[in-house]
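# A structural walkthrough
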Amino acid sequence: MPADPNSKSPRTFQCRDLLWETFEKMAKDLECSVDYLLNESMRQYARSKNYGARRAPSQAPLSQNPERKAVAAQGGHATKNTAAPRIPPPPPRGASHAPPPPRASMPPPMPGAPSRTLKGVPGAAPTRPAILSILYNGEKFPVTKERFVLGRGRQTSDFTLKDPNVSRQHALIELQNGTYFMVDMGSTNGVEFKGQRVARKPIAEGDVYTICDHELVCTFR
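Residues numbered from 1 in each chain as written. Predicted model: local features only at pLDDT ≥ 70, side-chain atom pairs only at ≥ 80, totals over all residues. Heavy atoms only, no water.

Grouped together as the largest cluster of nonpolar side chains are 25 residues, with contacts concentrated most on Leu150 and Ile173. At the level of elements, strand 1 (133-136), strand 3 (147-151), strand 5 (171-176), strand 6 (179-184), strand 7 (191-193), strand 10 (208-211) and strand 11 (214-219) are the ones that each hand at least two residues to this core. Element by element, the count of residues in this core is highest for strand 5, at three residues. Residues contacting Ile173, with those up to four places away along its chain left out, are Leu132, Ile134, Val143, Glu146, Arg147, Phe148, Leu150, Tyr180, Phe181, Met182 and Ile203. Grouped together as the second largest cluster of nonpolar side chains are 11 residues, Cys15, Cys32, Tyr36 and Leu38 included. (Core = buried A, V, L, I, M, F, W, Y, C linked by side-chain atoms within 4.5 Å. Buried < 20%, exposed > 50% of the residue type's maximum accessible area, 1.4 Å probe, protein only. Helix = DSSP H or I, 4+ residues; strand = E, 2+ residues; numbered from the N terminus. Contact = heavy atoms within 4.5 Å.)

What follows is the structure, encoded as structure tokens:
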């Protein structure tokens, strides 16, 4: 029988004091435990070296994690060094906009939406983006802002996913020149589309994006 991928055991290892203090500060700022940060750091490093499988389907919430492991110096024993995970900052606000995409890539207009004639151009109608909504757990959530943040933090996101594996500001739905984009905000576990991690992608009707174990369906209907 294979070992349980979610089982945990206390470990003793040597750690620099400054590094441990850094992890404690990060745990406080990110509203998680030091145990979680250490596990994430080791998991990410192993995955970067092509060791082990992807993250287990389910992990225990932070409230069930054991207390911080004891750190004791062991003379003559090998030292296990853990590096703090790199958490890139979100993209700066006010970044330069990309040039407008072709009309064919724009979301379809709202059914029955009134058209207006542009001044000086008879018969020309302005392009109006349809209203995007997210379908999640059987509920529909409209995207009401041009920069709509998805994440774990209740005060720092517009759509909250209660999962310790989700970053506080994980992803962003951004409206630019009539087109919605799904943007990864430098999260630890990323945003996937059809099994592939994406950094920035135009959103089309029926697109399904995966954030950790959460599926978000995008619709203009």
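Read across the open sheet, the five strands follow the order 4-3-5-6-9; overall the sheet is mixed. Every other strand in the sheet has two partners, leaving strand 4 (159-160) and strand 9 (200-202) as the edge strands with one partner each. (Pairing = 2+ DSSP bridges.)

Before going further, it helps to examine the pattern of salt bridges. This structure, assessed with the given rule, holds eight salt bridges. For the salt bridge of Asp184 with Arg197, the shortest nitrogen-to-oxygen distance reads 3.8 Å. Placement of the pair is Asp184 in strand 6 and Arg197 in strand 8 (residues 196-198), with a sequence separation of 13 residues. Among the residues examined, Arg197 registers a relative accessible area of 45% and is labelled partly exposed. Of the charged contacts in the structure, one is a salt bridge between Glu205 and Arg221, with a shortest N-O distance of 3.7 Å. Taken together, the residues Glu205 in the loop between strand 9 and strand 10 and Arg221 in the segment after strand 11 connect sequence positions 16 residues apart. Owing to a relative accessible area of 73%, Arg221 belongs among the exposed residues under this scheme. (Salt bridge = Lys/Arg side-chain N within 4 Å of Asp/Glu carboxyl O.)

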